[in-house]
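Fold and geometry: a report
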Amino acid sequence: MPDRTILLKLWGVSLLWGGNYVASAYMLREFSPIFLSFARLVVMSLFLISVAMIRHSMRKPSRREIGLLLLAGISGTLINQLFYFTGLQHSTAGNAALIIALSPIATTLLSRIFLKEEITLVKISGAIVGLVGVICIVLYGGKELGISKGDVYLLMAMLGMSVSLLFIRKLTVSMSSYEVTIYSTVIGTILMSPAVGVEAWNGQLHGSHHWLVWLLLITVAVIGQGLAGFWWNQGIAVVGPSTSAMFMNIPPFVAIIVSFFVLGDPIKAAQIGGGILILAGVAITNMKRRQPQVRTAGVDVNG
């Protein structure tokens, strides 16, 4: 029987990541999207670097690994974060969580295209079911009937994260998920600096004047992302990726419920129906795996 403490940690990760979407939507009322993303990544990077310095467990990557880390940082942090916060500004926390939940299916399809991994009829069926769920959310689950530009941006963010997982899979052959998480996050944070400069140059950069909002930002970055990411990695190591993946069905619905009470976002039938289809698609896609997945970085920079 799996360690009860590990299962409790995985439950905690699910609740934290579900709440992160709502916290991000709330903080966008006080911050411009790019500056919020950058500030949160800076805090998270400092936390990860501090942990690395305490543990003295980092090694210098090879030239090939540096190249892959750059690609992972560009797609998984820079592109993902830019589109995520811009999209969240024009959509809802619930929609964001549900659309990002499509990432495992997108990663499966991209792995077939670029890594030539085997894809079965079952996985194709799961991808179709999940895609129908996203269409329901994009067309009928937004603030207005029809395709929202916010949801389109969120789809781009999801694709950015999915692409980064392809590079992460290659990296974890020779590096630990712990090292990949730290290096890719720090690299992505540095690469986002020019975007913040552009936002400031255009006169669109602004931040909160309330210390409680900054405290929320730090809490989300350190606990909701950094610590939760380490718990997630630990869960994968102890109970395996299949069991851990089941807990990722929880954050979208946590986001919908919490955003209803905290932000006043309505709960729509299209969100519930689309969310069920997406999660069913993820479940179908991950049926009958012949071997466990390769370790992934595991730290969700969203939410």
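Residues numbered from 1 in each chain as written. Predicted model: local features only at pLDDT ≥ 70, side-chain atom pairs only at ≥ 80, totals over all residues. Heavy atoms only, no water.

1. Things to note about the overall build of the protein chain
Within the protein chain, the regular secondary structure consists of 13 helices and zero strands. From first element to last, N terminus to C terminus, the protein chain shows the α and β order α-α-α-α-α-α-α-α-α-α-α-α-α. Summed over its atoms, the accessible surface of the protein chain is roughly 14200 Å², and 70% of this surface lies on carbon and sulfur atoms. (Helix = DSSP H or I, 4+ residues; strand = E, 2+ residues; numbered from the N terminus. Areas by Shrake-Rupley, 256 points an atom, 1.4 Å probe, with all protein chains shown as cover.)

2. Description of the environment of Asn 95
In this structure, Asn 95 sits in helix H4 (residues 93-100). With 39 residues separating them along the chain, Asn 95 and Val 134 place their C-alpha atoms 9.1 Å apart. Separated by 2.8 Å, the side chains of Asn 95 and Gln 271 make a polar contact. (Polar contact = N/O pair within 3.5 Å; in protein donor to acceptor, adjacent residues only side chain to side chain.)

3. Observations concerning the packing of H4 against helix H7 (residues 149-171)
In the contact formed by H4 and H7, the axes pass within 9 Å of each other and the chain directions differ by 35°. In this structure, H4 meets H7 at a crossing whose hand is right-handed. Residues Asn 95, Ala 96, Ile 99 and Ile 100 of H4 lie in contact with H7, whose contacting residues are Asp 151, Leu 154, Leu 155, Ala 157, Met 158 and Met 161. Here the contact of H4 with H7 is built from residues that sort into eight nonpolar, one polar and one charged. (Axes fitted to C-alpha atoms, helices over the stretch in contact; angles between N-to-C directions. Left-handed = near helix turned anticlockwise from the far one by under 90°. Contact = heavy atoms within 4.5 Å. Nonpolar A, V, L, I, M, F, W, Y, C, P; charged D, E, K, R; others polar.)

4. What about the side chain of Asp 151?
In this fold, Asp 151 is placed in helix H7. Of the side chains with opposite charge, Lys 268 lies nearest to the buried Asp 151, which makes no salt bridge, at 8.9 Å. Among the polar contacts listed, one links the side chain of Asp 151 to the side chain of Ser 91, at a separation of 2.6 Å. (Buried < 20%, exposed > 50% of the residue type's maximum accessible area, 1.4 Å probe, protein only. Lys, Arg positive; Asp, Glu negative; His and termini not counted. Salt bridge = Lys/Arg side-chain N within 4 Å of Asp/Glu carboxyl O.)

5. As for helix H8 (residues 177-191)
Spanning 15 residues, H8 covers 21 Å between terminal C-alpha atoms, matching the ideal 21 Å at 1.5 Å per step. The set of residues buried in H8 consists of Ser 177, Tyr 178, Glu 179, Val 180, Thr 181, Ile 182, Ser 184, Thr 185, Ile 187, Gly 188 and Thr 189. Its side-chain oxygen placed 3.1 Å from the backbone nitrogen of Glu 179, Ser 176 serves as the N-cap of H8. (Expected span 1.5 Å × (residues − 1).)

6. Looking at the confidence of the model for the protein chain
Predicted confidence across the protein chain gives a mean pLDDT of 83, with 87% of residues reaching 70 or more. The model gives residues 290-297 a pLDDT under 50, and that stretch makes 22 contacts with residues more than four places away or in other chains. (pLDDT = per-residue confidence, 0-100.)

7. What to know about the nonpolar core
In this structure, Tyr 21, Met 27, Phe 31, Leu 36, Tyr 84, Leu 217 and Ile 278 are the most contacted members of the largest nonpolar core, which totals 54 residues. When residues of this core are assigned to their parent elements, the largest contribution, eleven residues, is made by helix H2 (residues 33-55). Listed in part, the nine residues of the second largest apolar core include Leu 10, Trp 17, Trp 232 and Ile 250. (Core = buried A, V, L, I, M, F, W, Y, C linked by side-chain atoms within 4.5 Å.)

8. Topic: a nonpolar patch on the surface
On the surface, Ile 257, Phe 260, Phe 261, Val 262, Ile 267, Ile 272 and Ile 276 cluster together into a nonpolar patch covering about 670 Å² of accessible area. Those elements that place two or more of their residues in the nonpolar patch are helix H12 (251-262) and helix H13 (269-285). Top element by residues in the nonpolar patch is H12. It accounts for four residues. Among the secondary structure elements, Phe 260 is positioned in helix H12. Overall, Phe 260 belongs to the partly exposed group, its relative accessible area being 38%. (Patch = residues over 30% accessible without salt bridge, like charges linked within 9 Å, V, L, I, M, F, W, Y side chains within 5 Å.)

9. Considering the packing of aromatic side chains
Under the definition given, this model contains eight aromatic pairs. Taking 6.0 Å as the distance between ring centres and 40° as the angle between the ring planes, the aromatic pair formed by Phe 31 and Phe 35 counts as tilted. The exposure classification of Phe 31 matches that of Phe 35, with both residues buried. With centroids separated by 4.9 Å and ring planes inclined at 85°, the aromatic side chains of Tyr 84 and Phe 85 adopt a geometry described as edge-to-face. Taken individually, Tyr 84 and Phe 85 each receive the classification buried, so the pair is uniform in this respect. Here a set of aromatic residues connected by ring pairs shows up, and it is made of Tyr 21, Tyr 84 and Phe 85. (Phe/Tyr/Trp six-rings, centres within 6.5 Å; stacked < 30°, edge-to-face > 60°.)

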